[in-house]
Amino acid sequence: MIYFLDANIISYLLKGNTSVLKKLEELAEDDNQFEIPSIVYYEIKRGLLANGAATKLTRFLNFAKEIGIVDLKNSTLDIAAQIYADLKKSGEIIEDDDIFIGATALENNAILVTNNKRHLGRIKDLKIEVWN
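Calculation rules
- Residues numbered from 1 in each chain as written.
- Predicted model: local features only at pLDDT ≥ 70, side-chain atom pairs only at ≥ 80, totals over all residues.
- Heavy atoms only, no water.
- Core = buried A, V, L, I, M, F, W, Y, C linked by side-chain atoms within 4.5 Å.
- Buried < 20%, exposed > 50% of the residue type's maximum accessible area, 1.4 Å probe, protein only.
- Contact = heavy atoms within 4.5 Å.
- Helix = DSSP H or I, 4+ residues; strand = E, 2+ residues; numbered from the N terminus.
- Polar contact = N/O pair within 3.5 Å; in protein donor to acceptor, adjacent residues only side chain to side chain.
- Axes fitted to C-alpha atoms, helices over the stretch in contact; angles between N-to-C directions.
- Parallel < 35°, antiparallel > 145°, perpendicular 65-115°, else oblique.
- Left-handed = near helix turned anticlockwise from the far one by under 90°.
- Pairing = 2+ DSSP bridges.

(A) Representation of the nonpolar core within the structure. Judged by nonpolar contacts, the single largest core of 39 residues is most densely connected at Leu-5 and Ile-10. Setting aside residues no more than four positions away along its own chain, Ile-10 makes contact with Leu-5, Ile-36, Val-40, Ile-44, Phe-60 and Phe-63.

(B) Looking closely at the environment of Glu-129. Tracing the backbone shows Glu-129 in strand 5 (residues 127–129). C-alpha of Glu-129 to C-alpha of Lys-117: the two residues are 12 residues apart in sequence and 8.3 Å apart in space. Looking at Glu-129, its side chain comes within polar contact range of the side chain of Trp-131, at 3.1 Å.

(C) Representation of the side chain of Asn-32. Within the secondary structure, Asn-32 sits in the loop between helix 2 (18–29) and strand 2 (33–37). Polar side-chain contacts of Asn-32 include one of 3.1 Å to the backbone nitrogen of Met-1. Setting aside residues no more than four positions away along its own chain, Asn-32 makes contact with Met-1, Tyr-3 and Leu-27.

(D) Geometry of unusual backbone geometry. The phi angle at Asn-109 is positive, at roughly 50 degrees, despite the residue not being glycine. Assignment of secondary structure puts Asn-109 in the loop between helix 6 (96–107) and strand 4 (111–113). The residue Asp-125 is not glycine, and still its phi comes out positive at about 70 degrees. Tracing the backbone through its elements, the reader meets Asp-125 in the loop between helix 7 (117–120) and strand 5.

(E) Region of interest: the packing of helix 1 (residues 7–14) against helix 3 (residues 38–50). Contact geometry for helix 1 and helix 3: axes closest at 9 Å, N-to-C directions at 45 degrees. It follows from the interaxial angle that helix 1 and helix 3 lie oblique. The way helix 1 lies across helix 3 gives a crossing that is right-handed. Residues Ala-7, Ile-10, Ser-11 and Leu-14 of helix 1 form the contact with helix 3, whose participating residues are Val-40, Glu-43, Ile-44 and Leu-48.

(F) Expanded view of the sheet that holds strand 5. Ordered in space as 3-2-1-4-5, the 5 strands form an open sheet in which the pairing is parallel. Bordering the open sheet on either side are strand 3 (69–70) and strand 5, each of which pairs with just one other strand. As judged from the 3 bridges shared by strand 1 (residues 2–5) and strand 2, these two strands associate in the parallel manner. Within strand 2, the residue paired with Ile-2 across the bridge is Gln-33. On top of the sheet, helix 2 reaches strand 1, strand 2 and strand 5; it is set at about 125 degrees to strand 2, its chief contact. Sheet contacts for helix 4 (residues 54–67): strand 1, strand 2 and strand 3; angle to strand 2, the most-contacted strand, approximately 120 degrees.

In structure tokens form, the structure reads like this:
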């Protein structure tokens, strides 16, 4: 399986959350693949830079290099546009960042690991796992 890590999960890892780290290690033992959507990379990096968290930034950049970053493609933007239209029609709009993250996961048939099920759960057909 392919797992995409959301910003809140990466934040837990950077803070040393043992239960999230244990789950990641268990799934990695079963040859599962982990990646970071480019929007999540942006969210984490901007926060660490803004807070002057140099040590965490270095750890994050090394982690991102190790597992890989999935870029937005034009086809991802098309999926995101449809998600936005569907959510707008239902009156359940969410932030663009979350739409892009969800669209990236859908396009890559990945499971999105997040603790933001309240918003991301609104995206039709998105596979989500909550880790805490």
